[in-house]
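Residue-level structure breakdown
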Amino acid sequence: MKINITKETLLEGIQVISAGVSSRTTLPILHNFLMETQGDKIKLVRTDMEMATVHYIKAEVEEEGALTVPTKEFADIIKNLPDGKEINLFTGENNKFHIKSGKSKFWVIGTPKAEYPAIPEIEKTGSVSLSPLELQTMIDKTAFSASTQETRYILNGLLWNNTAEKFEVVATDGGRLAVASHPALPDSGEFKIIIPTKILNEVVRFISLSKPDKETQIHVNVASNQVSFEMKETTFISRLIEGNFPNYNQVIPTKKNISFDVFTKELLAACRRAALCSGEFGSTVKFHMENNVMTVSSTSQNMEFTDELPIEYTQEAFDCAFNPQYIIDVLKNVGSEKVAFSFVNASQPVLIEPVGKEDLKYVIMPVRI
């Protein structure tokens, strides 16, 4: 294999395949990435056996070939090569991979392609396409509610539920729920799958880096137990999470006996201040609503906090309490000037919705006072 390429192009490719893939492994080969020539492009592949990234970059290919290369060492070398100079890459005897730029020369030991795990081809019979910017928004506004506990494996992913009426992305950790809605995906049929949060966060990161225009589409291909996301020269592949996701519709309150609107930024600031009063067993933020005033308070053994916010509330005095981080996560992601709080009673979950929008719903379990 013999390749000529610019430093900027190679660094961009390494950045795409490096993030998101876990470096914690007992298999030494997984510390490497695969570099393989294909026509006038280089195919870069990285996997940790749970997810994989495949990315193509342009290069001048003088001799075809393939080799796996240590990811960290190779990335560190490329970063420290001179700017503005062409990089020459070529394989030598005993799997030595030579790197040359100007007068700077390195070599690292690689391994043959045959020793690298094969990346499965995903059938595109179940493909759906949507705007990457819209997908990014739906994931950003829900993924923070997914569980991070390994013992709750089903909840370590986001449910994608596409029906004839709408497409929903749902996340929950058992104490809170986030639902983002979108018009039903055209020509896709109905499906219900659980996608690991890990790959969705990586897809969002890639969309942010790529800055796609309004015409760009991301293609999602679903197989029996795998999913892939394809946009331009990059594909992300992951296993699906198998199991039954909780019936989230049963959790969303349908009655609104008590309700009020509040300015998002003001309540977010108050809850952040309340969270500073963290007690021995975790912090609690208390809300007291009465005569168009919301009193936000929290206490611990050594601290106490109170604040007042104006709201439109003329019903009977009402008290409730929550984990402040749950409220903070919603308020900093909801993206609206005001939010609406709706309750059945103080012991039932609260429904939080952005005022003027119908595409987001957040449900949070209360804390007993």
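Residues numbered from 1 in each chain as written. Predicted model: local features only at pLDDT ≥ 70, side-chain atom pairs only at ≥ 80, totals over all residues. Heavy atoms only, no water.

**Points about the overall build of the protein chain**
Of regular secondary structure, the protein chain possesses six helices and 25 strands. Once the C-alpha set of the protein chain is aligned to its principal axes, its extents read approximately 80 × 50 × 35 Å. Summarising the internal contacts of the protein chain: among those between residues at least 6 apart in sequence, 65% fall at separations of at least 24. Side-chain charges in the protein chain split into 38 positive and 47 negative, and the spacing between the mean points of these groups amounts to 4 Å. (Helix = DSSP H or I, 4+ residues; strand = E, 2+ residues; numbered from the N terminus. Contact = heavy atoms within 4.5 Å. Lys, Arg positive; Asp, Glu negative; His and termini not counted. Charge placed at Lys NZ, Arg CZ, Asp CG, Glu CD.)

**So, unusual backbone geometry**
In most cases, non-glycine residues show a negative phi, while peptide bonds are predominantly trans. Despite not being glycine, M49 shows a phi value in the positive range, around 80°. Within the secondary structure, M49 sits in the loop between strand 3 (41-47) and strand 4 (51-58). At N291, a position not held by glycine, the phi torsion is positive, near 50°. Considering the arrangement of structural elements, one finds N291 in the loop between strand 19 (285-290) and strand 20 (293-299).

**Digging into the packing of aromatic side chains**
Taken as a whole, this structure holds 14 aromatic pairs when the rule is applied. Aromatic pair F260 and F343: ring centres 6.2 Å apart, planes at 25°, arrangement stacked. Taken together, the residues F260 in strand 18 (residues 258-263) and F343 in strand 23 (residues 338-343) connect sequence positions 83 residues apart. Just as F260 is buried, F343 falls in that class too. By the ring-pair criterion, three or more aromatic residues cluster together here, those being F260, F287, Y313, F318, F322, F341 and F343. Positioned over the ring face of W107 is K96, at 4.1 Å from the centre of the ring. (Phe/Tyr/Trp six-rings, centres within 6.5 Å; stacked < 30°, edge-to-face > 60°. Buried < 20%, exposed > 50% of the residue type's maximum accessible area, 1.4 Å probe, protein only. Lys NZ or Arg CZ within 6 Å of the ring centre and 35° of its normal.)

**Side note on the nonpolar core**
Ranked by size, the top nonpolar core spans 69 residues in total, and within it W160, F229, L267, F287, V296 and F341 carry the most contacts. By size, the runner-up hydrophobic cluster in this structure holds 24 residues, among which are I5, M35, L81 and F97. (Core = buried A, V, L, I, M, F, W, Y, C linked by side-chain atoms within 4.5 Å.)

**A short note on the sheet that holds strand 4**
Here we have eight strands laid out as an open sheet, ordered 6-2-3-4-17-16-15-10, and antiparallel in their pairing. This sheet does not close on itself; its edge strands, each paired only once, are strand 6 (66-70) and strand 10 (127-130). The mean angle between the axes of side-by-side strands here comes to 20°, regardless of whether they run parallel or antiparallel. Relative to strand 6, strand 2 (residues 32-38) runs antiparallel, the two being bridged by five bridges. Residue pairing for strand 6: N32 is matched across the bridge by P70. Against the sheet, helix 1 (residues 7-18) touches strand 2, strand 3, strand 4 and strand 17 (234-239), its axis set at about 170° to strand 4. (Pairing = 2+ DSSP bridges. Axes fitted to C-alpha atoms, helices over the stretch in contact; angles between N-to-C directions.)

**With respect to the pattern of salt bridges**
If you walk through the whole model with that rule in mind, you get 16 salt bridges. Notably, a salt bridge pairs E62 with K2, separated by 3.7 Å at the nearest N-O pair. Of this pair, E62 sits in strand 5 (residues 60-63) while K2 sits in strand 1 (residues 2-6); the two residues are 60 residues apart in sequence, bridging distant segments of the chain. A salt bridge links K166 to E168; the nearest nitrogen and oxygen atoms lie 3.1 Å apart. In this structure, a network of salt bridges that share partners links the residues D173, R176, D329 and K332. (Salt bridge = Lys/Arg side-chain N within 4 Å of Asp/Glu carboxyl O.)

**Description of helix 6 (residues 324-333)**
For helix 6, a buried count of eight out of 10 residues is recorded, marking the element as mostly surrounded by other parts of the structure. Of all the positions in helix 6, only P324, Y326, I327, I328, D329, V330, L331 and N333 are classed as buried. Its side-chain oxygen at 2.8 Å from the backbone nitrogen of Q325, N323 defines the N-terminal cap of helix 6. (Polar contact = N/O pair within 3.5 Å; in protein donor to acceptor, adjacent residues only side chain to side chain.)

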